[in-house]
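Examination of the molecular architecture
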Amino acid sequence: MAAASPSVFLLMVNGQVESAQFPEYDDLYCKYCFVYGQDWAPTAGLEEGISQITSKSQDVRRVLVWNFPIDVTFKSTNPYGWPQIVLSVYGPDVFGNDVVRGYGAVHVPFSPGRHKRTIPMFVPESTSKLQKFTSWFMGRRPEYTDPKVVAQGEGREVTRVRSQGFVTLLFNVVTKDMRKLGYDTGPVDTQGPSLP
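Keep in mind that what you see is a predicted model, and the values were worked out from it rather than measured. (Residues numbered from 1 in each chain as written. Predicted model: local features only at pLDDT ≥ 70, side-chain atom pairs only at ≥ 80, totals over all residues. Heavy atoms only, no water.)

A few words now on the packing of aromatic side chains. Throughout the structure, instances matching the rule amount to 12 aromatic pairs. Seen in terms of ring centroids, Phe 9 and Trp 40 are 5.5 Å apart; in terms of plane orientation they differ by 80°. Their pairing is edge-to-face. Here the residue Phe 9 occupies a position in strand E1 (residues 9-21), and Trp 40 occupies one in strand E3 (residues 40-45), the gap between them amounting to 31 residues. Since its relative accessible area comes to 0%, Phe 9 is described here as buried. Stacked on the ring of Tyr 90, the Lys or Arg Lys 31 has its end atom at 5.0 Å from the ring centre. (Phe/Tyr/Trp six-rings, centres within 6.5 Å; stacked < 30°, edge-to-face > 60°. Helix = DSSP H or I, 4+ residues; strand = E, 2+ residues; numbered from the N terminus. Buried < 20%, exposed > 50% of the residue type's maximum accessible area, 1.4 Å probe, protein only. Lys NZ or Arg CZ within 6 Å of the ring centre and 35° of its normal.)

Here it is in structure tokens:
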């Protein structure tokens, strides 16, 4: 008797939020969460996490190192809504309040294996000088009520943002049963067919 063909595939992701570069800031921590389509469901691991606070390294690079682990498994019936990881970095302002220092998002790599991604981070900006002064004076910077908005396209074109820093992620990706469902996640052949 033949084995039944699978109806779902699995995406296993582990790795770490490795490090960050924010030249103007120190003593930062990072939050992450995953955003995915309606056909996706987490089956193991953690969908979100919050790191420890880290200080800049004492060498010339001045890197903020977290090495904060990521480990999650998803199941799905199709690749639409492939998971993205959304990062939010926070740190103290001059008044000691925790304020957002950057948002960023990236899709989990599509092909199995080890991947390193450096994500440019940004912060929302006030739209007027009065709002900028008021937010500075009150110690309340503009921030998203739900960081998951970073992974969605709707309304982003009307948000004024400023680039600020980079975060480096390390991914180890394993897929199961994608090929059996007709999805090829192998490396893209850029050479074309070889001639005899």
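Peptide bonds are trans in most cases, and residues, glycine excluded, mostly fall at negative phi. Even without a glycine there, the phi angle at Arg 62 is positive, about 55°. Relative to the elements of secondary structure, Arg 62 occurs in the loop between strand E4 (48-50) and strand E5 (64-76). Taking relative accessible area as the criterion, Arg 62 reaches 37% and is therefore assigned partly exposed. Unusually for a residue other than glycine, Asn 67 sits at a positive phi of about 50°. Take Asn 67: it is sitting in strand E5. The class of Asn 67 is partly exposed, set by a relative accessible area of 39%.

Here we take up the environment of Asp 71. Here Asp 71 shows up in strand E5. In this structure, the C-alpha to C-alpha distance between Asp 71 and Val 13, residues 58 residues apart in sequence, is 5.7 Å. The residues contacting Asp 71, other than those within four sequence positions of it, are Val 13, Asn 14, Gly 45 and Leu 46. (Contact = heavy atoms within 4.5 Å.)

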